[in-house]
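Reading the structure
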Amino acid sequence: MENLIALLIAAPLLGAAVLLTGGRRLDAVGHWIGTILAAVSFVFGAILFADLLGKNAEDRTLIQHLWTWIPVEGFQADVTFRLDQLSMTFVLLITGVGSLIHLYSIGYMEHDERRRRFFGYLNLFLAAMLLLVLADNYLLLYVGWEGVGLASYLLIGFWQHKPSAATAAKKAFLVNRVGDMGLSIAIMLMFTTFGTFAFGPVLGSHEKPGLVEGASEATLTGIALMLLLAACGKSAQVPLQSWLGDAMEGPTPVSALIHAATMVTAGVYLIVRSANIFNLAPDAQLVVTVVGGVTLLFGAIVGCAKDDIKKALAGSTMSQIGYMVLAAGLGPIGYVFAIMHLVTHGFFKAGLFLGAGSVMHGMNDEVDMRKYGGLRKYMPVTFVTFGLGYLAIIGFPGLSGFFSKDKIIEAAFAKGGTEGWILGGVALLGAAITAFYMTRVMLMTFFGEKRWQPDAEGHEPHPHESPKSMTIPMIVLAFGSVFAGGFFSIGDRFLHWLEPVTGHSHGDSPVSALTVTLATMVVLVIGVAIAYAQYGRRPVPVVAPRGSLLTRAARRDLLQDDFNHVVLVRGGEHLTRSLVYVDHTLVDGVVNGTAASVGGLSGRMRKLQNGYARSYAVSMFGGAAILVAATLLMRAV
Amino acid sequence: MTAPLQLAATTTLAAGTSTGEAFQFWILGTVAVIGALCTVFMKKAVHSALCLAGTMIILAVFYLANGAYFLGVVQIVVYTGAIMMLFLFVVMLVGVTAADSLKETIKGQRWLALVCGLGFGILLFAGIGNASLNEFNGLTQANSGGNVEGLATLIFTKYVFAFEITGALLITAAVGAMVLTHRERTERALTQREMAEKRVRDGKHLPPLPAPGVYARHNAVDIAGLLPDGTPSELTVSKMLRQRGQIRDVSAEALNDLKALEQRAEERLDRTEIEPATFKREASK
Amino acid sequence: MNPVNYLYLAALLFTIGATGVLIRRNAIVVFMCIELMLNACNLAFVAFSRMHGNLDGQIIAFFTMVVAAAEVVVGLAIIVSLFRSRHSASVDDASLMKL
């Protein structure tokens, strides 16, 4: 059974190879090849899942050793895959949601002449992400990690004829590099500390930690912080969040793939996978929760102000990933819920993005929500699926988001002490803002009066429902959005499934679970009510009002780019300029001064070289005289 | 000549020196220094060479006085006799009459040379003065078996390798000198007949070249002969002298000399001028 | 008289020779000055031989003479070929290496 693991990765990788090298003759069938291979990968995943379910909870770890990658004395890197409950969860999410997005892309990209290439990139993305979650050591994980970075770059910049898309791709790639640097430093630290970076020896299991137990807390904190930096890059957490909004320049299925199934989940995976390192580094854990909490609010606030439907959803993703990172930072109390929220979020966020793509598809690629309005009549299927995703993400009771988010809030309170109160409060506040901005998106898009106008060429958009290949994935994802949370939570199924890998502790919450649920409901209602009061009861202006200072800041992504520009770009420019100045004056001064003085000295010295043998003879004779004098002096002394 | 000197010296070769030797030293030493200074300051190379030869002979006498009989003789025979003759050959080859200008052309060279020379000399004198070299062992014992025999013993025992290597050096030097001065002939030498034919073909100067001037007051080959109109012809002088630029342009000078001579003869003989106009006319040409 | 006077004479002759080398331009005279310096050395060797009472100094002087002879042969050959090519025996004319 282990041998299937490699096929999981091989299928999409084969697809990428075939599609990217096959040339134009595959244009007609390329999208089907890509979709089928993604589905094949999902089928393999399902078979393996069934196999795992048939085993005892303790035996559900499959290891497949392919070959030794770097066989150097004292440095052993293997190509080995590890399939346990954690990676299995990711495999199913990635291949399942990924396959649906493939299917959706067939319709969405129908009119794009580079569709075959697009599917090649999608397959490459899946393969890299599967490699990331299946790797049995950090070095192989790093390969997948970089593969994801590459694929995201290619996909975000897929419409590279648009300068904004090309810039966004570069931005995503560069910001990710910062995180990648963190991961590589973490791997190096690990190697110098432990002498290996395989999961088994380093991490051990949650009951019996591996080599990490012997390391000093300072070292572990360093490694953990570097891993966190890596996670921040991939998962768009503060301070490396700036690429996510711009990444919306890619085709909508790419956004769905990045936000739901791949890429941004990689950071959460990394933290949860390295749980044993974080467990032993409480300081790093605290930083993780802080990063999560800050990003949670950051994304939510940005999401409130955006009029671009995809950017609003991007802010939402940032916020929801913030929840996951917050949960992951809580330690064993939160790991399971982080992953659970990740999975449910994968369903409803994919559904929301596909819905947004469907709306854009019907609206001539218009993304400004202020120019939508009343679309529920024109796109009933999209409206229903998007609405279910909306209800799930705000945590409507009984839907997926309710279960997973509620658990995270509960776990945040269970952290205990002042931290617990603060984190719980932040999570609750985030829930309220989530309710507000998602309601806003919903109301502006599907309710109210129609606000669209003819474009510059006089074509009035004709909103229409999308083709079957697009609606079917949305319907499937809507089912997931509705039922996944409940399915996981009844009888704590998900907890029992994942506990052998991540471990779990309940913590003692200062507030009861019921209180938390009730509080969540209250803030949910408040958020929805405010949004309704603002956007449901009165017409939405087509041109955005000036708004408050906070609104304007949030529209500019809370000044993240300005911050980066002032601190990093300007700072870098100043640093460079001062270094250039130092180089020109000090370094060049020394060098040129030396050269000039040597040159000047030589110019004088060369007059001694007049070519006359007699002059040289004088020098020789004088030298001899000096030698005689020296000899006499030495004898006298 | 060496035998009596040797006898005289043997008696004085003890630790000290006799009054006679002191007398000889001060007289001959002065002459040697004067000779050395003349070597340096004479304008003509041939004079320098002669002065050097004198100094060397005096040095040979000093060698003999110091008990180095063999060296003294070698100094005279080899150095003064052979090497100085070689110098003279070269001086002749380069031009015996050429006088050097003693005017210094390199700025500061003379001052530097004087300062260096004085400083070096003072230092040497100070060194010798400091060395407390008052004890003389004398060569009586070393020369007891005969000076030449003693030298021979040392050369062929202790210094035999140096001696052999010196021989190799001499051979090398001889070969080197030949290589330096040798010129390879790249084509067959023309025979006399071929040269004559070539001269006819080129159409220039078929008969032998004219003889040089005939004034026997000088080394007459360097004086150009006069053509019938009284102008000197360079063709009459050897090509080598022409190249060296050693032709005397004596036409005017010679005529004036001749004129002066004739004037003196007239005065003595109380005779009137003979055809003075013609000479003047030719001289003015 | 102290035989050290021979050494003083040798030093004087050597210095005169050396100064001559520096002052004269005619290569032949320069060469003669070098010979003068060598002879001054020989005188010193002979005087030392007498001081120490053995013949080693004379042997060295003998070798000096041989080397000087070899030097003269080669040096004069050089002067002759120099004269052939440049029509001058001045050491200052052979200053092509100057800047």
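Since this is a predicted model, take the numbers as computed values, not measurements.

1. Focus: the UniProt feature "transmembrane region" (unreviewed entry) in chain B
Residues and elements named next belong to chain B.
- When the UniProt feature table is mapped onto this chain numbering, "transmembrane region" (unreviewed entry) sits at residues 24-42, 49-70, 76-99, 111-129 and 159-180.
- Across residues 49-70, the secondary structure splits into 86% helix and 0% strand, with the terminal C-alpha atoms separated by 24 Å.
- For residues 159-180, helix accounts for 95% and strand for 0%, while the C-alpha atoms at its two ends are 31 Å apart.

2. Some points on the interface of chain A and chain B
- Tallying the contact residues gives 12 residues for chain A and 10 residues for chain B.
- In this assembly, chain A and chain B are joined by 0 salt bridges.
- Linking chain A with chain B are 1 residue pair in polar contact (both at pLDDT 80 or more).

3. Structural notes on the pattern of salt bridges
Residue and element names in this part refer to chain A.
- Under the criterion given, the structure shown has 18 salt bridges over all chains.
- One salt bridge in this structure joins E573 and R577, with 3.9 Å as the shortest N-O distance. On the criterion of helical spacing, the pair formed by E573 and R577 is a turn pair, its members being 4 residues apart in helix α23 (residues 560-605).
- E573 sits in the partly exposed class, given a relative accessible area of 37%.

4. Examining the interface of chain B and chain C
- The interface is formed by 89 residues belonging to chain B together with 67 residues belonging to chain C.
- A buried area of about 7100 Å², summed over both sides, lies between chain B and chain C, and 74% of it is on carbon and sulfur atoms.
- Summed over the three residues of chain B that lose the most area to chain C, namely Y79, F87 and F136 of chain B, the buried surface amounts to 9% of that side.
- If you look at where chain B meets chain C, you find 13 residue pairs in polar contact (both at pLDDT 80 or more).

5. Observations regarding the packing of helix α2 (residues 19-41) of chain B against helix α1 (residues 4-23) of chain C
- Between α2 of chain B and α1 of chain C, the shortest axis-to-axis distance is 9 Å and the interhelical angle comes to 5°. Of the possible angle classes, the one that applies to α2 of chain B and α1 of chain C is roughly parallel. When α2 of chain B is examined against α1 of chain C, the residues E21, F25, W26, G29, A32, V33, A36, L37 and V40 of chain B are found in contact with a partner set consisting of N5, Y6, L9, L12, L13, I16 and G20 of chain C.
- Here the contact of α2 of chain B with α1 of chain C is composed, by residue class, of 12 nonpolar, 3 polar and 1 charged.

6. A short note on the side chain of N176 of chain A
Residue and element names in this part refer to chain A.
- In this fold, N176 is placed in helix α6 (residues 163-194).
- On the basis of relative accessibility, which here comes to 2%, the residue N176 falls in the buried class.
- When neighbours within four sequence positions are excluded, N176 is seen to be in contact with G233, K234, W243 and M263.

7. Some points on a nonpolar patch on the surface
Residues and elements named next belong to chain A.
- Where nonpolar side chains cluster on the molecular surface, the patch consists of F563, V566, V567, L568 and V569 and spans about 450 Å² of accessible area.
- By the element assignment, V567 lies in helix α23.
- For V567, a relative accessible area of 42% corresponds to the partly exposed category.

8. A short note on the side chain of T80 of chain B
- With respect to the helices and strands, the residue T80 of chain B is situated in helix α4 (residues 69-94).
- Setting aside chain neighbours within four positions, we find T80 of chain B in contact with A53, M56, I57, Q75 and M85 of chain B.

9. A short note on the packing of aromatic side chains
- Taken as a whole and judged by the stated rule, the model has 32 aromatic pairs over all chains.
- Measuring from ring centre to ring centre gives 4.7 Å for F488 of chain A and F494 of chain A, while their planes differ by 40°; the resulting arrangement is tilted.
- Relative accessible area serves as the criterion here: at 4%, F494 of chain A is assigned to the buried category.
- Here F125 of chain B and Y8 of chain C contribute two aromatic rings whose centre-to-centre distance is 5.1 Å and whose plane-to-plane angle is 40°, an arrangement assigned as tilted. Placement of F125 of chain B in helix α5 (residues 109-130) and of Y8 of chain C in helix α1 is noted, with the two residues assigned to different chains.
- The exposure class of F125 of chain B is partly exposed, given its relative accessible area of 32%.
- Taking relative accessible area as the criterion, Y8 of chain C reaches 24% and is therefore assigned partly exposed.
- Each member of the aromatic cluster is reached from another via a ring pair, and the members are F118, F119, Y121 and F158 of chain A.
- In this structure, R114 of chain A is placed above the aromatic ring of F158 of chain A, and the distance from its NZ or CZ to the ring centre is 4.5 Å.
- If you follow R493 of chain A out to its NZ or CZ, it ends over the ring of F487 of chain A, 4.4 Å from the centre.

10. Some words on the confidence of the model for chain C
- Per-residue pLDDT for chain C has a mean of 88; in total, 97% of the residues score no lower than 70.
- Here the predicted complex carries an ipTM of 0.92, next to a pTM of 0.62.

11. Some points on the layout of surface pockets
Residue and element names in this part refer to chain A.
- Volume-wise, the largest pocket comes out at about 690 Å³.
- If you list the elements that add at least two residues to the lining of the largest pocket, you get α2 (30-53), α3 (85-108), α15 (335-362), α19 (468-489) and α20 (493-502).
- When residues of the lining of the largest pocket are assigned to their parent elements, the largest contribution, 8 residues, is made by α19.
- Here the residues of the lining of the largest pocket are counted per class, giving 19 nonpolar, 5 polar and 2 charged.

12. Focus on helix α8 (residues 217-235) of chain A
All names here are of chain A.
- In this model, α8 (19 residues) spans 25 Å end to end at C-alpha, consistent with the 27 Å of a helix rising 1.5 Å per residue.
- Burial in α8 covers these residues: L220, T221, I223, A224, L227, L228, A230, A231, C232, G233, K234 and S235.
- Positioned one or two residues after α8, A236 has a phi angle of 55°, which is positive.

13. A word on the pairing of strand β2 (residues 75-83) of chain A
Residue and element names in this part refer to chain A.
- Both strand β1 (residues 62-72) and β2 contribute to a ladder of 9 bridges, which runs antiparallel. By the bridge assignment for β2, Q64 is matched with F81.
- Counting the residues between successive antiparallel strands, the hairpin from β1 to β2 contains 2 residues, one of them, G74, with a positive phi of roughly 80°.

14. Observations regarding the nonpolar core
- Counting 196 residues, the largest nonpolar core has L134, Y138, L227, W243 and I277 of chain A as the members making the most contacts within it.
- Contacts of Y138 of chain A, omitting those with residues within four sequence positions, involve I187, M190, F197, F199, L203, L227, L270, S274 and I277 of chain A.
- Core analysis: the second largest hydrophobic core is formed by 85 residues, A45 and L151 of chain B together with M65 and A68 of chain C among them.

Cut-offs applied
Residues numbered from 1 in each chain as written. Chains lettered and ligands numbered in written order. Predicted model: local features only at pLDDT ≥ 70, side-chain atom pairs only at ≥ 80, totals over all residues. Heavy atoms only, no water. UniProt positions renumbered as here; feature names shortened; annotations may be inferred. Helix = DSSP H or I, 4+ residues; strand = E, 2+ residues; numbered from the N terminus. Contact = heavy atoms within 4.5 Å. Salt bridge = Lys/Arg side-chain N within 4 Å of Asp/Glu carboxyl O. Polar contact = N/O pair within 3.5 Å; in protein donor to acceptor, adjacent residues only side chain to side chain. Buried < 20%, exposed > 50% of the residue type's maximum accessible area, 1.4 Å probe, protein only. Buried area = accessible area lost by both parts, 1.4 Å probe. Axes fitted to C-alpha atoms, helices over the stretch in contact; angles between N-to-C directions. Parallel < 35°, antiparallel > 145°, perpendicular 65-115°, else oblique. Nonpolar A, V, L, I, M, F, W, Y, C, P; charged D, E, K, R; others polar. Patch = residues over 30% accessible without salt bridge, like charges linked within 9 Å, V, L, I, M, F, W, Y side chains within 5 Å. Areas by Shrake-Rupley, 256 points an atom, 1.4 Å probe, with all protein chains shown as cover. Phe/Tyr/Trp six-rings, centres within 6.5 Å; stacked < 30°, edge-to-face > 60°. Lys NZ or Arg CZ within 6 Å of the ring centre and 35° of its normal. pLDDT = per-residue confidence, 0-100. 1 Å grid on protein atoms, 1.4 Å probe; cavity = no way out; pocket = protein on both sides within 12 Å on 5 of 7 lines; lining within 4 Å. Points joined across faces, edges and corners; volume = space filled by probe spheres on them. Expected span 1.5 Å × (residues − 1). Pairing = 2+ DSSP bridges. Core = buried A, V, L, I, M, F, W, Y, C linked by side-chain atoms within 4.5 Å.

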